[in-house]
Amino acid sequence: MEKILNPQEESAREFVESSKKFKKAGKGSFYKLVFRYMIRNKWWTIGIFVSVIIVAMSTAVTPKIIEQLMMSVKHELGSLESFDKWWGLKWQSVVYIQIGFLVLMAASTYCSQWIAGMLGKQIEVDLRNDITKKLVELDMSYYSDKKIGEILTKVISDTQILGEQTGIIPVTTLTALLTLVFSIISLATIDVTLTFVAIGLFVLIFSSFGLAYVPLKKLLYNLRKSITKTNGSVIDRINTVKLIKASGTEKYESERFVEMHKEYHDNYKKLTYSQSVMMTILFLGINSIQIILIVIAATLYKDSPEYLELILPSLIIAIGMMIGPIMALLRVVVGLMQAATAATRIEEILEEKTRFNNHFEDKQGIHIEKISGDIHFKDITFCYPEKPDKVILPNFDFTLKEGKSYAFVGETGAGKSTISKLLLRFYDPTRGQVLINNDIDLRDIYLSSYLNHVGYVEQEPSILLGNIYDNVKYSRFEATDEDVVKACKKAELHELIMSWPEGYNTILGERGFMLSGGQKQRLVIARMFLKDPKILILDEATSALDNIVEKEIQGKLDELMKGRTTISIAHRLSTIKNVDQIIVLGPQKGIVQIGTFEELKTTPGHFKKLYDAGQSKNDL
Ligand SMILES: Nc1ncnc2c1ncn2[C@@H]1O[C@H](COP(=O)(O)OP(=O)(O)OP(=O)(O)O)[C@@H](O)[C@H]1O
C-alpha cells in the first residue's frame, strides 16, 4: 500500500523530485534550444554576428585613438620628442578617425539591436508554435495528471522569457566579449604587463560569479515552479467557479490564494537576497579594478613618470571600457539563469514523448477514404498506461457490424467509456487490436483521415470560443454557411439562433456559457449532421439533461443514428431501447451479457438487475 506522507515529508519529496528534474533537464537546455532556433533563422543570426563584431571593434579602438590623440597633441605642443608607437598623424585627423568609428558603431549598434529584437520575437513565436503543436499531438494520458494553468504558464510566460532573453543574451554576450577581447588587445598595444594584471583581476571576478551561478539558478527554478503552481491553481478555480459559487467558498479560496502567494513571495525573497548580495560584492570588486590598476601602474613605472603620464589616460579609458562589458556580462548571467529555467521547463514539454504514432508527422499511415465493413475489437486486454496494474477490459472480443447500433451498459467504472476511447484511439489496447474496414489496425492508419468519419458526442459538449459557423464547421471545415444553417435546422436550433441579434455570428462564450445544456447538445448534434460520420459514438450524450429535454434530444440522436454504425454508452436504459444489440460490461470482467433490450430485461443477470434496480423503470 502507498505510504501516506505528512506535509513535511511531502514537501521534502517534492523538493528532491524538482532537484532531480532540475539537474536532469537544466544542462545545456538553453544553449541547445537557442542554437536550434538560431540555425532555423540563420540569416538573422549571421546579421547579428556581423553587426556585433563591428560594434565591438569600433568601440575597442577608442583607447588606442586616445593614445594617438595624446601623442599628436604632445607633438604639436612640441613636448613629444620621438615615440615609436606614434602613427605620425595630426590631431585633427585622429579626431576624424574617431568620428568615423563612432558613426560605424552607431550604425552597427542599431542593426544588432533591431535584428536581435526581431530574432527574439521570432524565436518566441517559433517556440509557441512548436509547443502548441506538441500539446495537441500529445496523447490523452499526458493530460491526466497536468493542470491546464501549469501548461499555460509554460506556453505563455516561459516562451516570452526565452524570447526576450534570446534577443538580449547572444547580442550582449557577443558584444561584451568581443569588446573585452578587443579592448584587451588595444590595452596590450599600450602596455603588456598591465594588460596581464587586468586579465588576472577579471578572471578572479568571473570565477567568483561562476561559483554563485548554480545555487542561484536553483532558487530561480523553485521560484518559477511556485508561480506555475499558483497560476495552475488560479486557472483551475476559474474553471470551477460554479462550484465555488454553489459552495459559498469564496472566502476559503481567497485565503488559499494568499497562502499560495506567500510561498511565491518567500521564494522571491530568497532569490532577491542572494542576488543582491552577489551583485553588491561584484559591483564593489569591478569598480575597485580601476584604482587597483592605477596603483599597480604607478608602482611599476614610478621611475618613468613621462611614460606613466602618457599611458595613464588610455589606461583609465581602457579599464572604464572593460567595466561596461563586464557589467553587461553579469547582467547576462542573471538573464541566462532565467532563460535556462524557462528553457528547462519548455524542454520538459518539447521532449515529452507520445505513447503512440498517429502518423501525423511521418504521413506513412494508411489513408482512410471511406469506412466500410465491420469494426472488430480483437482479443483486447486494456489497462490505462497511467495505472498499468489495473486491468479494465480483460479478453474483450467483439464485432460491431456495419450500420448497426450498439449500446454498452454496466455499472459505474465497468469500462464503457473506455470502449469509446479505444475507438477514438485516445489509447491503444495493451494487447490485441482494434480493426476497422474489417482488417485495418487503427495503429496503422493516418489517424485524422479515420477520425474524419467518426462523430463523437459526449456528456459535456465541447463548445469553442467563436461564432456558430466556427463551432459547427469544426467537424467539416470546407462546409458552406448554408450547410451550417441546414444542419442547425435539422438539430432544431435554427429558430433559437435567429432570435439572437447577431444570429449565426453570435460569439459563444469560451465554454458555451451562453447556452443551456440542451442547446449545447443540439449544437453538437448540428455539428454531427454536418459531419455526417459513418461511425457515431454517443458517450452519455443525454445524461446531463432533464427528462423532457432528454427526450427531445434523444429524438434528434435517433435521427442522427440512422444508417451509421452507432455506439451508445448510457446509464439511462430508456435511451437504448431501440438499439440492435446491448453489451453489458462488468467491472474488470469485460463482456458479461449480450442481447436485445427485450431479451435482456427478462433474462436473469446483470442487465435485469440494472433494469430492476429501478433506474430504468422510472424512466420508461
Ligand atoms: N485516464 C485514466 N487513467 C487511469 N484509470 C482510468 C482513467 N480513466 C478511467 N480510468 C478507470 O478505468 C475504469 C473504467 O472507466 P470508464 O470511464 O471506462 O468507466 P465507465 O463504465 O464509463 O464509468 P461511468 O459509467 O462512471 O462513466 C474506472 O475504474 C476508471 O477509474
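What you are looking at is a predicted structure, and each value in this text was computed from that prediction instead of being measured. (Residues numbered from 1 in each chain as written. Predicted model: local features only at pLDDT ≥ 70, side-chain atom pairs only at ≥ 80, totals over all residues. Heavy atoms only, no water.)

Asker: Quick one: what's the story with the domain arrangement of the chain, residue by residue and with numbers?
Answerer: Here the domain parsing of the chain yields domain 1 (24–350) and domain 2 (375–612). Here the C-alpha centroids of domain 1 and domain 2 sit 55 Å apart. If you look at the interface, domain 1 gives six residues, while domain 2 gives five residues. Around 500 Å² of area is buried between domain 1 and domain 2 when both sides are counted, 59% of it from carbon and sulfur atoms. Of all residues in domain 1, Met 140, Ser 141 and Asn 239 bury the most surface against domain 2, accounting for 65% of the area lost on that side. On inspection of domain 1 and its partner domain 2, the count reaches zero salt bridges. Applying the counting rule to domain 1 against domain 2 returns zero residue pairs in polar contact (both at pLDDT 80 or more). When residues in the side of domain 1 that touches domain 2 are grouped by element, the largest group, three residues, is from helix 6 (residues 140–144). (Domains from an automatic or database assignment. Contact = heavy atoms within 4.5 Å. Buried area = accessible area lost by both parts, 1.4 Å probe. Salt bridge = Lys/Arg side-chain N within 4 Å of Asp/Glu carboxyl O. Polar contact = N/O pair within 3.5 Å; in protein donor to acceptor, adjacent residues only side chain to side chain. Helix = DSSP H or I, 4+ residues; strand = E, 2+ residues; numbered from the N terminus.)

Asker: Mind laying out the environment of Ser 144, listing which residues take part and the relevant values?
Answerer: Here Ser 144 is to be found in helix 6. Taking relative accessible area as the criterion, Ser 144 reaches 45% and is therefore assigned partly exposed. The spatial distance from the C-alpha of Ser 144 to the C-alpha of Glu 164 is 32 Å, given a sequence separation of 20 residues. Setting aside anything within four residues of it in sequence, one finds Ser 144 in contact with Glu 386 and Tyr 427. (Buried < 20%, exposed > 50% of the residue type's maximum accessible area, 1.4 Å probe, protein only.)

Asker: Quick rundown of the environment of Val 55? Include the residues and the values.
Answerer: With respect to the secondary-structure elements, Val 55 resides in helix 3 (residues 42–60). The class for Val 55 is buried, based on a relative accessible area of 6%. In the structure, Val 55 is positioned 54 residues away from Thr 109 in sequence and 5.9 Å away in space, judged by C-alpha atoms. Beyond its immediate sequence surroundings of up to four residues, Val 55 is in contact with Met 105, Ser 108, Thr 109, Ser 112 and Thr 175.

Asker: So what's going on with the packing of helix 5 (residues 91–137) against helix 11 (residues 305–350)? Which residues, and what values?
Answerer: Viewed as axis vectors pointing N to C, helix 5 and helix 11 meet at an angle of 35°, and their least axial separation amounts to 9 Å. Each of Leu 127, Asp 130, Ile 131, Lys 134 and Leu 135 in helix 5 lies in contact with helix 11, whose residues at this interface are Ile 346, Ile 349 and Leu 350. Residue composition of the contact of helix 5 with helix 11, by class: six nonpolar, no polar and two charged. (Axes fitted to C-alpha atoms, helices over the stretch in contact; angles between N-to-C directions. Nonpolar A, V, L, I, M, F, W, Y, C, P; charged D, E, K, R; others polar.)

Asker: Explain the pattern of salt bridges residue by residue, including any values.
Answerer: When the charged atoms of two side chains lie near each other, side chains of opposite charge can form a pair. Using the criterion set out here, one finds 27 salt bridges in the structure. One salt bridge connects Asp 126 with Arg 40, and the closest N-O pair in it is separated by 4.0 Å. A residue pair is termed long-range when its members are at least 10 positions apart, and Asp 126 in helix 5 and Arg 40 in helix 2 (residues 29–40) qualify at 86 residues. A residue is classified by how much of its surface remains accessible, and Arg 40, at 47% relative accessible area, is partly exposed. The salt bridge partner of Glu 309 is Lys 74, with a shortest N-O separation of 3.8 Å. Of this pair, Glu 309 sits in helix 11 while Lys 74 is found in helix 4 (residues 62–77), placing the two residues 235 residues apart along the sequence. For Lys 74, a relative accessible area of 13% gives the class buried. The network of salt bridges with common partners includes Asp 236, Arg 237, Glu 253 and Arg 256.

Asker: Residues and numbers for helix 4, please.
Answerer: Here helix 4 spans 22 Å end to end across 16 residues, near enough to the 22 Å set by a 1.5 Å rise per residue. Along helix 4, the residues that are buried comprise Thr 62, Pro 63, Lys 64, Ile 65, Glu 67, Gln 68, Met 71, Ser 72 and Lys 74. Tucked into the core, helix 4 has its buried residues touching helix 3, helix 5, helix 7 (148–190) and helix 11. Positive backbone phi, approximately 85°, marks Gly 78, located one or two places after helix 4. (Expected span 1.5 Å × (residues − 1).)

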